[in-house]
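Here is what each chain is made of, one letter per residue.
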Amino acid sequence: MESGPAIFAGTAFTLFGAGLLLWTGARLKHRAPVAHGVSPATAVAFAALFGALFLALGVWCFGRL
């Protein structure tokens, strides 16, 4: 019964992290702003950092199974 929440959390974190990294990469490729009203370098840094963090957290959740 404990693996159900770990699978759900791992899936949610992994999908969100991968989606954030893909979205940031697509915005950079098209030279579009990642976040409005923020320095481009800061926006890319924070988006990449949090995308990688959520992806790692999802992998960690799957490792706990």
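Preceding block: the structure.
The following paragraphs examine the structure supplied in this document. Just so we're clear, the structure is a prediction, and the values are computed from it rather than from any experiment.

## Digging into the overall build of the chain
Part 1 of the argument: Scanning the chain for helices and strands turns up two helices and zero strands.
Part 2 of the argument: What you see for the chain is a C-alpha radius of gyration of 14 Å, clearly larger than the 11 Å of a compact globule of 65 residues, by over 25%.
Part 3 of the argument: Its C-alpha atoms put the chain at 45 × 15 × 15 Å along the principal axes.
Part 4 of the argument: Within the chain, buried positions represent 17% of all 65 residues.

## Structural notes on the packing of helix α1 (residues 3–29) against helix α2 (residues 40–63)
Part 1 of the argument: Two elements in contact, α1 and α2, have axes whose closest approach is 7 Å; the angle formed by their N-to-C orientations is 155°. Between α1 and α2, the interaxial angle falls into the category roughly antiparallel. Our pair here, α1 against α2, has a crossing hand that is left-handed.
Part 2 of the argument: The residue makeup of the contact of α1 with α2, split by class, is 20 nonpolar, seven polar and no charged.

## Here's the deal with the packing of aromatic side chains
Part 1 of the argument: The full count for this structure, using the stated rule, is three aromatic pairs.
Part 2 of the argument: For the pair F16 and F54, a centre-to-centre distance of 5.0 Å together with 90° between the ring planes defines the contact as edge-to-face. One end of the pair, F16, is in helix α1; the other, F54, is in helix α2, with 38 residues separating them in the sequence.
Part 3 of the argument: Taking relative accessible area as the criterion, F16 reaches 46% and is therefore assigned partly exposed.

## Regarding the environment of A35
Part 1 of the argument: Note that A35 resides in the loop between α1 and α2.
Part 2 of the argument: Exposure remark for A35: the relative accessible area of 29% places this residue in the partly exposed category.
Part 3 of the argument: Each C-alpha atom, one on A35 and one on T14, is 22 Å from the other, the two residues being 21 residues apart in sequence.

What counts and how
Residues numbered from 1 in each chain as written. Predicted model: local features only at pLDDT ≥ 70, side-chain atom pairs only at ≥ 80, totals over all residues. Heavy atoms only, no water. Helix = DSSP H or I, 4+ residues; strand = E, 2+ residues; numbered from the N terminus. Rg over C-alpha atoms; globule rule 2.2 N^0.38 Å. Buried < 20%, exposed > 50% of the residue type's maximum accessible area, 1.4 Å probe, protein only. Axes fitted to C-alpha atoms, helices over the stretch in contact; angles between N-to-C directions. Parallel < 35°, antiparallel > 145°, perpendicular 65-115°, else oblique. Left-handed = near helix turned anticlockwise from the far one by under 90°. Nonpolar A, V, L, I, M, F, W, Y, C, P; charged D, E, K, R; others polar. Phe/Tyr/Trp six-rings, centres within 6.5 Å; stacked < 30°, edge-to-face > 60°.

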